[in-house]
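Residues per chain, in single letters:
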Amino acid sequence: MAEITLIEGVTMALARAMEEDPGVVMFGEDVGVNGGVFRATAGLHDKFGDERVIDTPLAEVMIAGMSVGMASQGIKPVAEAQFCGFTMPMIDHIMCHAGRLRNRTRGRMSCPMVLRFPSGGGIHAPEHHSESPEALFAHMPGVRVVIPSSPSRAYGLMLAAIRDPDPVIFMEPKRIYRWQKEEVADDGEELPMDVCYTLRDGNDITLVTWGSMVKETLQAADQLEQQGLSVEVIDVATVSPLDMDTIIESVERTGRCVIIQEAPKHCGVASEIAAGLADAGIWHLHAPVKRVCGYDVVMPLYRNEMKYMPSVRRIVDAAKEILEVS
Amino acid sequence: MAEITLIEGVTMALARAMEEDPGVVMFGEDVGVNGGVFRATAGLHDKFGDERVIDTPLAEVMIAGMSVGMASQGIKPVAEAQFCGFTMPMIDHIMCHAGRLRNRTRGRMSCPMVLRFPSGGGIHAPEHHSESPEALFAHMPGVRVVIPSSPSRAYGLMLAAIRDPDPVIFMEPKRIYRWQKEEVADDGEELPMDVCYTLRDGNDITLVTWGSMVKETLQAADQLEQQGLSVEVIDVATVSPLDMDTIIESVERTGRCVIIQEAPKHCGVASEIAAGLADAGIWHLHAPVKRVCGYDVVMPLYRNEMKYMPSVRRIVDAAKEILEVS
Amino acid sequence: MAHTAAAFKVDYFQFLKPDGKLVEDQQVPALARDFDRLTELYKLMVLTRTFDKKAVALQRTGKLGTYASSLGHEAAHVAIGAAMKEEDCFAPMYREYGAQFYRGVKMSEVLLYWGGDERGSDFSGPKHDFAWCVPIATQCLHAAGAALAYKLKKEDRVAVTVVGDGGSSKGDFLEAINAGSAWKLPLVLVIVNNQWAISVPRKKQNTAATLAQKGIAGGLPSIQVDGNDLIACLWAMDKAVSAARQGKGSFVIEMITYRLSDHTTADDARRYRPGDEVDEAWDREPLKRLKAYLVDQGAWDEQQDEELLGECKKWVQQAADEYLEMIENDPQPVTAMFDYMFAELPQDLIEQRTYAQEYAEDGGHH
Amino acid sequence: MAHTAAAFKVDYFQFLKPDGKLVEDQQVPALARDFDRLTELYKLMVLTRTFDKKAVALQRTGKLGTYASSLGHEAAHVAIGAAMKEEDCFAPMYREYGAQFYRGVKMSEVLLYWGGDERGSDFSGPKHDFAWCVPIATQCLHAAGAALAYKLKKEDRVAVTVVGDGGSSKGDFLEAINAGSAWKLPLVLVIVNNQWAISVPRKKQNTAATLAQKGIAGGLPSIQVDGNDLIACLWAMDKAVSAARQGKGSFVIEMITYRLSDHTTADDARRYRPGDEVDEAWDREPLKRLKAYLVDQGAWDEQQDEELLGECKKWVQQAADEYLEMIENDPQPVTAMFDYMFAELPQDLIEQRTYAQEYAEDGGHH
Ligand SMILES: Cc1ncc(C[n+]2csc(CCOP(=O)(O)OP(=O)(O)O)c2C)c(N)n1
Ligand SMILES: Cc1ncc(C[n+]2csc(CCOP(=O)(O)OP(=O)(O)O)c2C)c(N)n1
Ligand SMILES: [Mg+2]
Ligand SMILES: [Mg+2]
């Protein structure tokens, strides 16, 4: 069993899915010979050839629109947007068609496609390469939104996404593409797309996050535990549909919750989680629900990008603030 | 002083703005001779001619992208998307450029444009004519999102939007375009775009809403008041930036809050408001914060559309549920 | 060094003149003599027009929502349907009923759709055809995707899509042309140029001589035909579909016709369109000329025509009855808005569905 | 009736051959004899290449972020800048430094931008020029909007935009062509076809003979030129810009060149591109041939060339020093990410700004 990185987990799942289903094709800019600008599709072109690993013209509306067309006719496109910022032109086809085809036709048609792309900041990339648009997709009915944060979850959730009979937005946290290695068996086992993953158990406070922020959140948990606290850490992983039950169950025990999100704060996924707690979780809260988020500004160019993102200190401070409330 | 409807308030403000600033132009499909499919630009073509009331080719990406270009070069486009569903192709230019031009260039350029469109359901329109996408725009840094719900607010906020030096998304709740008449003076007075509007004072519960749902919310408030309750009703009107202070101040008094939203629930603006209460408002809450929202499904075709939308009964029941909590 | 890197032209074809006579100055395709096929299609054109009238009447009496008429487009639409095989894929815009009827979509389904009931899009006709597409021109990319799917699966199938003169300005259509070129897709892109996009006239879309020439952007063969001439439309479609099927790639056809009706029943074209323009357009309309030709050739007569009209009215009435019966006695329950969102309903939607059932009485159809 | 509705062609122009000789078979434009202009532009081409080398070196040594080289594009870029007036508007993609230098953008600003500092886009040059545009082809519609603004304001100004062979597939570019046609905009659309879009070769964008023919979709005059021939590029640009300024509408020019570098410093072109293709392309590169021509005509000599190179290196080093000085000793504070979001900062951002200041030490540049 190999020790692999998150991006290698993606690649391993893609290869596996292509092997088990001849209808699965890769579809996007530079996914072919080049193997993707991050090498997520590396090796697939060699193995599966031009007709299954398809370099497209440079046109995101086309990539999304044709994926809808292909998906409806028995091909399973795994479309790639080269970077998060370039999914914006795709929103029309995702919102108006991918998430609606089944509903529109009362089940006569469906749209089993995956749109995958590297998301988030922190790798010194140019403008529009560092956004975290999960909240936009999560607000759209009819599409699932998945964000793995470990090699094994990348593998298991990607398999689930490709096998799913409905459209899945699969966001890859590029800052942690190569952060951690993990032993992952290429056993074809998928992971469920409707549960949160509890990474660490604790009783004093619940930290909820997803994507790259799992890194800082675990570091913050370490610091808090060094101070004698017991910290629960939940990786949401599937932001739509969202498993509020796991989060509420945790907050029932801890009474305190900080939600950590890289995206801008206003109308983000963190707000949805906090809103869920303000409703079903309220009787268990001992303190305000804090959100530690990106600011409501344009993601800065790379020299200041890490100042935009929630730091370990910001997380720890927010946690301490609500731990002081008795 | 004339008694006018909400849409007439829009038209009156457009005419006024065009008179006071020769750089203001209308830009969109059918806005010219036809005066817009809802007649929002009626009369403007006659008065201001082809060069200021501009029918465009049928291309939303173009309308948004050219508006950005015009706005950066001394013209103030008031762009129209014919219906809410057709703003999706515009998101790319709004998110990637309109909201960023000033920031990108450290203030060297700016993007004073308005994107206005009829929003929401309830008028028996075809598919894609009945969406409420405010949460998508509210999540984007650098753009304001405004939704008036009365003739006077339509007039005052539209003037503010056009005069604002930055981009404004102006959503017109089409279901109440002609619901109520109000005396509105064409006095050129704008309204602030950073405050909530308290429509009714009360002490037992706060109902928070915006757009067309103001109608059902006021009716629900009537019913609750008939039962001897004192109900505060807040029209958010400007969902980004959001004036949480007014809402929190109200909930400090009432201890109870229901938020009513036509859009799907998941990651909507209602969630942002509830999250704000879960943080800064938590000590004042006597009960869970309830959200009465559209379901997380595709807006149904018109025969079932009113079943999708929050009904007066759903609002009243939610209010009663949290009023029972002591 | 200067040389011509590439040269192109767009040819225009008309075989049947407005007066019902064949053009004299050129070879007319063999199908002009295929009276069986022509009368069959003539019948469908008459049915389509009869249906159209009924639908407008239903809307006017409050029994149907907004409806997009196909008045004047019958030759173009029927030709599109007639050139396709069942296994081909059609990605329509929203008014190509003639094509859809040919392919097996039921009239009652069209009514259900405009009557605000999703079941209208669960076609009896080809299960793989796309439903009506409201976001203009997006359907062109769905057709391109379908065409690529067939090519990858080595199936002998063609995707056909339609866009309007207005929609031809949209990036989706232009990207579909480019995709057709990039992959040599079995894709036929038809522009039904009816001169108006709601109130915006053709000349405001752009100042180019033709819309067909947009195909040249991708190097696609691109032609114009008289869209009121069934023979020209069908000849062009046959040619394009068979070229696509033979692996020769994509094709653009501009069919020049005229929208004789308002844009939809929600529109009032008198606000922006001169009446005499419409009157003149009636002289060129497609049914009259095809009938004149068939009668002239002895393939049809007045009595048959009257009988046909009577039958069409009967069928249309049946469809209307079916539709009205369904929405009155078998309306979709509130749960129907949940049940097709996903193959398997997620937990949060199960809960919302249960809650919605409690409020099933609220917000009835108004 | 069949007739040709419209006919088109795309002509190709080259005046200066790779060996530095003028073509013999045709009239060469007068500017081929304007040695003052040509040497001025040659100097800028050399400066651009010198800058490029330095920027790549800075990136390789960790002092600059990802950088998009302009190696091989110098003739195309410099010609674009040289044909414009100051009051015209340039909407670049991301590597047209030659054009920008001509217009007054400073080399240190280019470095600041790729160094991850927004101040690089606060150009010293024309304040109305658009900044670099990362979302491919979106700049084409900004240029079209600018052109419409000038037209509405009756200003004598032209908007010029550039897109790549890859970007020419995108709807934004195609809609901009259509807009140029619809309003007869003072708009020049340049396709700098360098044969590659990262790893995707020109032939995968589409199978058409030229990219220029996309302009035919809007009926725009559309030509191809040798993009390594400064004279051809400048002649075409002069012609297009002056036509636009005279109210004759929009123009499409495809400049055929070659990307001699990796796509950006983040790319390794050896993964997908045959080395001999690159070697051959070096034979056609733009600097060598212009220099040979100027030397041949007695307008330039080796000694001048050496001096020029020395000066260019000096200027480039100064720019690099300025850049490094600024990012080291005058970095943007954390508050800078708030201060340009709106003309007036809303309350919630004022609060976030204050909070951000408390954490100003965190997340330093890493
Ligand atoms: C993307 C989008 N924008 C706007 C509309 C609103 N709309 C519906 S039909 C129409 C005009 C279409 O004109 P054309 O393409 O010529 O087709 P026609 O209706 O004339 O057949 C418009 C603007 C829409 N449905 N979709
Ligand atoms: C909308 C969008 N999609 C994808 C990218 C990623 N990307 C950056 S440059 C590039 C290739 C551009 O090729 P081309 O247009 O030929 O220009 P060139 O870089 O060759 O000058 C791609 C795919 C992007 N910046 N924007
Ligand atoms: Mg039309
Ligand atoms: Mg290129």
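Thresholds, definitions, all that
- Residues numbered from 1 in each chain as written.
- Chains lettered and ligands numbered in written order.
- Predicted model: local features only at pLDDT ≥ 70, side-chain atom pairs only at ≥ 80, totals over all residues.
- Heavy atoms only, no water.
- Helix = DSSP H or I, 4+ residues; strand = E, 2+ residues; numbered from the N terminus.
- Rg over C-alpha atoms; globule rule 2.2 N^0.38 Å.
- Buried < 20%, exposed > 50% of the residue type's maximum accessible area, 1.4 Å probe, protein only.
- Contact = heavy atoms within 4.5 Å.
- Areas by Shrake-Rupley, 256 points an atom, 1.4 Å probe, with all protein chains shown as cover.
- Lys, Arg positive; Asp, Glu negative; His and termini not counted.
- Charge placed at Lys NZ, Arg CZ, Asp CG, Glu CD.
- Least-squares fit on C-alpha atoms with pLDDT ≥ 70 in both.
- Expected span 1.5 Å × (residues − 1).
- Near = heavy atom within 4 Å.
- Polar contact = N/O pair within 3.5 Å; in protein donor to acceptor, adjacent residues only side chain to side chain.
- Nonpolar A, V, L, I, M, F, W, Y, C, P; charged D, E, K, R; others polar.
- Buried area = accessible area lost by both parts, 1.4 Å probe.
- Salt bridge = Lys/Arg side-chain N within 4 Å of Asp/Glu carboxyl O.
- Pairing = 2+ DSSP bridges.
- Axes fitted to C-alpha atoms, helices over the stretch in contact; angles between N-to-C directions.
- Donors = N, O, S within 2.8 Å, 3.2 Å for Na, K, Ca; no water.
- Patch = residues over 30% accessible without salt bridge, like charges linked within 9 Å, V, L, I, M, F, W, Y side chains within 5 Å.

(A) View of the overall build of chain A. A tally of helices and strands in chain A yields 12 helices and 14 strands. Relative to the globule expectation of 20 Å for 326 residues, the C-alpha radius of gyration of chain A, 19 Å, shows essentially globular dimensions. Principal-axis analysis of the C-alpha atoms gives chain A an extent of 60 × 40 × 40 Å. When each of the 326 residues of chain A is scored for burial, the buried share is 77%. The contacts of chain A with a sequence gap of at least 6 include a subset with a gap of at least 24, amounting to 81%. Accessible area of chain A: about 8000 Å², with a carbon and sulfur share of 46%. In chain A, which carries 30 positive and 46 negative side-chain charges, the distance between the mean positions of the two groups comes to 3 Å.

(B) A look at the relation of the copies chain A and chain B. When chain A is fitted onto chain B, the two copies agree to an RMSD of 0.0 Å after a turn of 180° and an axial shift of 0.0 Å. Interpreted geometrically, this transformation is the action of a two-fold axis. A share of 100% of interface residues in chain A that are also interface residues in chain B marks the association as one of identical surfaces.

(C) Representation of helix α8 (residues 213-226) of chain A within the structure. Residue and element names in this part refer to chain A. With 14 residues, α8 should cover 20 Å at 1.5 Å per step; its first-to-last C-alpha distance of 20 Å lies within 8% of that length. The complete set of buried residues in α8 reads Met213, Val214, Glu216, Thr217, Leu218, Ala220, Ala221 and Leu224. Buried residues along α8 sit in contact with β9 (197-200), β10 (205-209), β11 (231-235), β13 (257-264) and α12 (312-324). Where α8 terminates, the next one or two residues include Gly228, which has phi positive at roughly 90°.

(D) Geometry of unusual backbone geometry. The omega angle of the peptide bond from A:Ser240 to A:Pro241 is -10°, so this bond is cis rather than trans. Turning to its location among the elements, A:Pro241 is positioned in the loop between β12 (238-240) and α9 (244-254). Notably, A:Asp30 is not glycine yet its phi reads approximately 70°, a positive angle. When you line up the elements, A:Asp30 lands in the loop between β2 (24-28) and α2 (44-48). Residue classification places A:Asp30 among the buried residues on the basis of a relative accessible area of 2%. Even without glycine at this site, B:Arg39 takes up a positive phi of about 75°. Along the chain, the position of B:Arg39 falls in the loop between β2 (24-28) and α2 (44-48). On the basis of relative accessible area, B:Arg39 is assigned to the partly exposed category, the value being 29%.

(E) Spatial organisation of the site of ligand 2. With respect to spatial proximity, 21 residues lie near ligand 2, and among them A:Glu60, D:Tyr94, D:Arg95, D:Asp165 and D:Trp196 are the closest. Side-chain polar atom of D:Asn194 to an oxygen atom of ligand 2: 2.9 Å apart, as the coordinates give it. Residue D:Trp196 places a main-chain N or O atom 2.7 Å away from an oxygen atom belonging to ligand 2. When isolated, ligand 2 has an accessible area of 580 Å², and the protein chains bury 96% of it. Of the residues assigned to the shell around ligand 2, the class counts are 10 nonpolar, six polar and five charged.

(F) Representation of the interface of chain D and chain C. Counting from both sides, the interface comprises 39 residues of chain D and, opposite them, 39 residues of chain C. Here chain D packs against chain C, burying approximately 3100 Å² in sum over the two surfaces, 51% of which is carbon and sulfur. In this structure, the connection of chain D to chain C is made through zero salt bridges. For the pair chain D and chain C, the interface holds 23 residue pairs in polar contact (both at pLDDT 80 or more). For the side of chain D that touches chain C, the elements supplying multiple residues, two or more each, are β1 (2-13), α6 (171-183) and α7 (202-205) of chain D. Top contributing element to the side of chain D that touches chain C by residue count: β1(D), with 12 residues. Along the lines of polarity and charge, the residues of the side of chain D that touches chain C split into 16 nonpolar, 16 polar and seven charged.

(G) Here's a closer look at the sheet that holds β10(A). Residues and elements named next belong to chain A. Strands sit in the order β9-β11-β10-β13-β14 across an open sheet of five strands; the sheet is mixed. Strand pairing shows two members of the sheet lacking a second neighbour, β9 and β14 (290-294), which therefore form its edges. Each neighbouring strand pair of the sheet contributes to a mean axis angle of 25°, computed without reference to strand direction. Both β9 and β11 contribute to a ladder of three bridges, which runs antiparallel. Among the inter-strand pairings, Arg200 is bridged to a residue of β11, identified as Val233. Against the sheet, helix α10 (residues 269-279) makes contact with β10, β13 and β14, and its axis sits at roughly 155° relative to β13, the strand it touches most.

(H) Spatial organisation of the sheet that holds strand β7 (residues 168-173) of chain B. All names here are of chain B. One open sheet holds the seven strands; their spatial order is β3-β2-β4-β5-β7-β6-β12, and the pairing between them is mixed. Each edge of the open sheet carries a strand with a single partner, namely β3 (53-55) and β12 (238-240). On average, adjacent strands in this sheet sit at an angle of 20° to one another, irrespective of strand direction. Helix-sheet contacts for helix α7 (residues 151-163) involve β2, β4 (76-80), β5 (114-119), β6 (144-146), β7 and β12, and the interaxial angle to β7 is about 160°.

(I) Summary view of the coordination of the magnesium ion (ligand 4). Residues and elements named next belong to chain D. Coordination of the magnesium ion (ligand 4) by the protein involves Asp165 (OD), Asn194 (OD1) and Trp196 (O), with metal-donor separations of 2.0 to 2.1 Å. Sequence positions of the donors to the magnesium ion (ligand 4) reduce to the motif D-x28-N-x1-W. Placement of Asp165 in the loop between β3 (159-164) and α6 and of Asn194 in the loop between β4 (187-193) and β5 (196-197) is noted, with a sequence separation of 29 residues between them. A relative accessible area of 4% means that Asn194 is categorised as buried.

(J) Main features of the interface of chain A and chain B. Contact with chain A, which involves 50 residues of that partner, is made by 50 residues of chain B. Buried area between chain A and chain B, summed over both chains or domains, comes out near 4300 Å², and the portion from carbon and sulfur atoms is 63%. It is A:Arg100, A:His139 and A:His266 in chain A that bury the most area against chain B; as a group they hold 17% of the surface buried on that side. For the interface between chain A and chain B, the tally reads 10 salt bridges. Residues A:Lys290 and B:Asp279 are paired through a salt bridge, measuring 2.7 Å at the closest nitrogen-oxygen approach.

(K) Layout of a negative patch on the surface. A contiguous patch of negative charge, built from C:Asp276, C:Asp279, C:Glu280 and C:Asp283, is present on the exposed surface. With a relative accessible area of 47%, C:Asp283 lands in the partly exposed category.

(L) The coordination of the magnesium ion (ligand 3), seen in detail. The coordination sphere of the magnesium ion (ligand 3) contains the protein donors C:Asp165 (OD), C:Asn194 (OD1) and C:Trp196 (O), at a distance range of 2.0 to 2.1 Å. Between consecutive donors of the magnesium ion (ligand 3), the numbers of intervening residues give the motif D-x28-N-x1-W.

(M) Representation of the environment of C:Lys53 in the model. Position of C:Lys53 among the secondary structure elements: in helix α1 (residues 35-60). Residues C:Lys53 and C:Lys21, spaced 32 residues apart in sequence, show a C-alpha to C-alpha distance of 28 Å.

(N) Geometry of the site of ligand 1. The immediate surroundings of ligand 1 are formed by 21 residues, with B:Glu60, C:Tyr94, C:Arg95, C:Asp165 and C:Trp196 found nearest. In this structure, C:Trp196 approaches ligand 1 through a main-chain N or O atom, which is 2.7 Å from an oxygen atom. For ligand 1, an oxygen atom lies 3.4 Å from a polar atom in the side chain of C:His263. Contact with the protein chains hides 96% of the accessible area of ligand 1, taken as 570 Å² for the molecule alone. Class assignment for the residues of the shell around ligand 1 results in 10 nonpolar, six polar and five charged.

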